[in-house]
Each structure stands twice: as C-alpha cells, then as structure tokens.
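Okay, here's what each chain looks like letter by letter:
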Amino acid sequence: RPSAESRRFEASLPRGTDAGVEQDLSYWIEAGDARSRKFKLTVFTRPTLMVQKIHYAYPPYTGLPTKETNHVGDIRGVEGTKVTIGALASQKIKNAYVDFDADGTSDLQMKTDGVRAMITIPLELREDRRTPVHPRYALRFTAEDGRQNVEPPIYSIEVTPDYAPEVSITEP
C-alpha cells in the first residue's frame, strides 16, 4: 500500500500466534510489468525460557511439608523458605540468569544443563518487614547461537513475614 509519509509503498507481515511467517521464504515485488530481484527471508525460533516448576522448602520449624507448583512462575511463601526455580528453554542454553526486579540486569547466574536451568533462592524481606527484598523477577538467557530472550515474562514474589512468637503468662 502507499506510504502516508512519502512516495514509497509498504507491506506488513502478519504478527501473533494465529498468523505469521513460520518458515523461510523467498519473495519479490511486482508493479505493472516490472519485477524486483528475489529477496530471502530467514525465520528463526524466538528464544524463550519458561518456568517449569517451583519447589518450596519451608523452614523446618514451621512444620510445613515441601510443595511444588508446575508452570506457574509467581512465588508466594513464608520468609526463610528456600525456593528452587526450574526452567525450560526453547534452545540450548549458553548462560542463564535471574533478573531480580525485572530491570534488565543479570543478577544471579543459574545452573544450566542443555535446555534446562535451575537456581535456589531464599525468600527475604526488607528492614520494614513487609516488602520482599525482590518483589518481582524475570529469567534471562542467551542461547548457544547468541540470541537472547528479549522480553521475558515478569513474575511476582510475595513473602509472608515470619514474626517471632509472642508468649504471655496468664497465671502465676
């Protein structure tokens, strides 16, 4: 279609999961009796790293049994809980990191094995005893071919304070 800003023409390829280019292709442009040279479009799989499971190991004194969630990246637990995040990548992993606060930094390196990544982190609160040290996170990785997951999902972290018990003597 004609471009609104100049005397050029433009074309758009469909986006999204329901439509789009799924394989390499060659194309050319025709106008009247003229035809351009052939161009080649190469399609690659977008790198993704998704949470596969989260294992919760609560502090022993709580008496809570360990727990596992599948395919849910949001974390909720009592302060002091050790959380192990297991993730699965769409491609072989060169390196993977936890990006605390989802601010684009590689804060903590994950252990990797092929297309799997894993890390254990403690659930902690700030000095105000209400706010998690890290209220959200994202998983970032670089595939062996050098491509990165540019827009990873962002997950929340909720930490329940573990207050010291209160004791009162009601009778002498």
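Basis of the calculations
- Residues numbered from 1 in each chain as written.
- Predicted model: local features only at pLDDT ≥ 70, side-chain atom pairs only at ≥ 80, totals over all residues.
- Heavy atoms only, no water.
- Helix = DSSP H or I, 4+ residues; strand = E, 2+ residues; numbered from the N terminus.
- Buried < 20%, exposed > 50% of the residue type's maximum accessible area, 1.4 Å probe, protein only.
- Polar contact = N/O pair within 3.5 Å; in protein donor to acceptor, adjacent residues only side chain to side chain.
- Contact = heavy atoms within 4.5 Å.
- Pairing = 2+ DSSP bridges.
- Axes fitted to C-alpha atoms, helices over the stretch in contact; angles between N-to-C directions.
- Salt bridge = Lys/Arg side-chain N within 4 Å of Asp/Glu carboxyl O.
- Patch = residues over 30% accessible without salt bridge, like charges linked within 9 Å, V, L, I, M, F, W, Y side chains within 5 Å.
- Areas by Shrake-Rupley, 256 points an atom, 1.4 Å probe, with all protein chains shown as cover.
- Core = buried A, V, L, I, M, F, W, Y, C linked by side-chain atoms within 4.5 Å.

A. Up close: the side chain of Arg 140. Residue position: Arg 140 is located in strand E13 (residues 136–143). Taking the relative accessible area as the measure of exposure, Arg 140 reaches 19% and is therefore buried. A polar contact is formed between the side chain of Arg 140 and the side chain of Asp 99, at a distance of 2.7 Å. Excluding residues that lie within four positions of it along the chain, Arg 140 makes contacts with Leu 49, Asn 95, Ala 96, Tyr 97, Asp 99, Gly 104, Thr 105, Asn 149, Val 150 and Pro 152.

B. Representation of the sheet that holds strand E6 (residues 67–70) in the model. If you trace the five strands from one edge of the open sheet to the other, you get E6-E5-E8-E12-E11, paired in antiparallel fashion. Of all strands in the sheet, those bounded by a partner on one side alone are E6 and strand E11 (111–113). The sheet shows a mean angle of 20° between the axes of neighbouring strands, taken without regard to direction.

C. Spotlight on the pattern of salt bridges. Within the structure shown, the criterion is met by six salt bridges. One salt bridge in this structure joins Arg 46 and Glu 151, with 3.6 Å as the shortest N-O distance. Here Glu 151 lies in the loop between E13 and strand E14 (154–160) and Arg 46 lies in the loop between strand E4 (39–41) and strand E5 (49–57), a separation of 105 residues in the sequence. The salt bridge involving Glu 79 is made with Arg 129; its shortest N-O contact spans 2.6 Å.

D. Geometry of the side chain of Thr 142. As for its position among the elements, Thr 142 is in strand E13. On the basis of relative accessible area, Thr 142 is assigned to the buried category, the value being 12%. Here the side chain of Thr 142 touches Gln 148 through a polar contact of 3.3 Å, side chain to side chain. Residue contacts for Thr 142: discarding those within four places in its chain leaves Lys 92, Ile 93, Lys 94, Asn 95, Arg 147 and Gln 148.

E. Looking closely at the environment of Glu 166. Summarising the element assignment, Glu 166 is placed in the segment after E14. Relative accessible area serves as the criterion here: at 80%, Glu 166 is assigned to the exposed category. Between the alpha carbons of Glu 166 and Ala 31 there is a distance of 82 Å; along the sequence they are 135 residues apart.

F. Focus on the sheet that holds strand E9 (residues 93–100). Strand order in the open sheet formed by five strands is E7-E14-E13-E9-E10, with mixed pairing between adjacent strands. Every other strand in the sheet has two partners, leaving strand E7 (75–78) and strand E10 (108–109) as the edge strands with one partner each. With two bridges connecting them, E9 and E10 associate as antiparallel partners. Directly across from Val 98, in E10, lies its bridge partner Leu 108.

G. Spatial organisation of a nonpolar patch on the surface. A cluster of nonpolar side chains, Leu 25, Tyr 27 and Ile 29, forms an exposed patch at the surface whose accessible area comes to about 260 Å². As for its position among the elements, Tyr 27 is in strand E1 (residues 25–27).

H. Layout of the nonpolar core. By size, the foremost hydrophobic cluster in this structure holds 28 residues, and its most contacted members are Leu 49, Ile 75, Val 83, Ile 85, Tyr 137 and Leu 139. When contributions to this core are tallied by element, the ones reaching two or more residues are E5, E7, strand E8 (82–89), E9, strand E12 (116–122), E13 and E14. Not counting chain neighbours up to four residues away, the residues in contact with Val 83 comprise Ile 54, His 55, Tyr 56, Ile 75, Ile 119, Thr 120, Ile 121 and Leu 123.

Everything listed here is a matter of geometry and, on its own, says nothing about what the molecule does.
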